[in-house]
Amino acid sequence: MLFPNGFNDELSRSIYKGVLACQRPEVFTVFDCFIQNIKPSLIVEIGTCYGGLAWALHDSGLQAGSKLITYDILERDSLTDLRNAGVDVRLEDIYTKDYQLKSKAISEFNSYPSPRLFLADGGNKIAEFAAFISLAKSGDFIGAHDFAYSDLDFRNSSIWGWAEIQEKDIQKWLYSSKLNYYAMDQFRSIAWVMTQVI
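Scope of this entry: the structure provided in the associated data block.

## Side note on helix α2 (residues 52-64)
Given a rise of 1.5 Å per residue, 13 residues ought to cover 18 Å, and the 19 Å separating the end C-alpha atoms of α2 matches this to within 8%. Of all 13 residues in α2, 11 are buried; the element is thus mostly enclosed. Three or more residues of α2 are buried, namely G52, L53, A54, W55, A56, L57, H58, D59, S60, G61 and A64.

Now the structure itself:
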């Protein structure tokens, strides 16, 4: 894999309660502060992977009064530990073939009031982000991992080794006044983008 200049691959892994998170180590602090501040009623994570971030989001959510649901399509041994800790891990694809949210997911998500937090970290972050836009209401937050503002930003940054979503992929919503960036510097430091629905 071709990494950007100066990228240290050790920064792409961190551990939470003994479970791997494919995230920068600072992710836990950034998300905990964010969740305690906005107190979302619901946190939806697409792309559980091993589950380290999901478990951290669950714990932060408990303190903030938030419900976490994390989705993946692959079972992993570590997910048993999450389930035993009370994390709502679901092995299902909540998207149709054309990446629209399935009606069951929409109904469940809409049973929670704003603010809600939707996180795209699965296999198609651009499509996941777009699907969340169609559901989101004013006051909700939508984030995506593996974010770089541009190809140049990615090549010149040592923050992260992947760029699967960029500003150009979300700019139509930013420029149409549907979204605003939220806490840009904090989330950029962990290779995430966070937006708030207007």
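## Re the layout of surface pockets
Taken as a whole, the largest pocket holds about 530 Å³ of empty space. G47, D72, D121, G122 and G123 are the residues nearest the centre of the largest pocket, which is lined by 34 residues in total. Elements represented by at least two residues in the lining of the largest pocket include exactly β2 (19-21), β3 (42-46), α2, β4 (67-72) and α5 (125-135). Residue classes in the lining of the largest pocket are distributed as 15 nonpolar, 9 polar and 10 charged.

## Regarding empty space enclosed by the protein
Per the stated rule, a full pass over the model turns up 1 cavity of 30 Å³ or more. In this structure, the largest cavity encloses a volume near 90 Å³. F147, A148, D153, F154, S157, I159, W160, W162, R188 and A191 together form the lining of the largest cavity. Put simply, the parts of the chain that give the lining of the largest cavity at least two residues each are β8 (147-148) and α6 (151-155).

## Quick look at the pairing of strand β6 (residues 116-120)
If a strand is regular, its side chains alternate between the two faces of the sheet. β6 sits mainly inside the fold: 5 of its 5 residues count as buried. Alternating positions in β6 separate into two faces, R116, F118 and A120 on one and L117 and L119 on the other, with burial throughout. As paired strands, β3 and β6 are joined by 5 bridges and run parallel to one another. The residue bridging I46 from the neighbouring strand is A120, located in β6. Alignment of β6 against strand β7 (residues 141-145), held across 4 bridges, turns out to be parallel. Looking across to β7, one finds that L117 is bridged to F141. Read from β6 through α5 to β7, the crossover connection turns out right-handed.

Scoring rules and cut-offs
Residues numbered from 1 in each chain as written. Predicted model: local features only at pLDDT ≥ 70, side-chain atom pairs only at ≥ 80, totals over all residues. Heavy atoms only, no water. Helix = DSSP H or I, 4+ residues; strand = E, 2+ residues; numbered from the N terminus. Expected span 1.5 Å × (residues − 1). Buried < 20%, exposed > 50% of the residue type's maximum accessible area, 1.4 Å probe, protein only. 1 Å grid on protein atoms, 1.4 Å probe; cavity = no way out; pocket = protein on both sides within 12 Å on 5 of 7 lines; lining within 4 Å. Points joined across faces, edges and corners; volume = space filled by probe spheres on them. Nonpolar A, V, L, I, M, F, W, Y, C, P; charged D, E, K, R; others polar. Pairing = 2+ DSSP bridges. Right-handed = clockwise from strand over helix to strand, strands pointing away.

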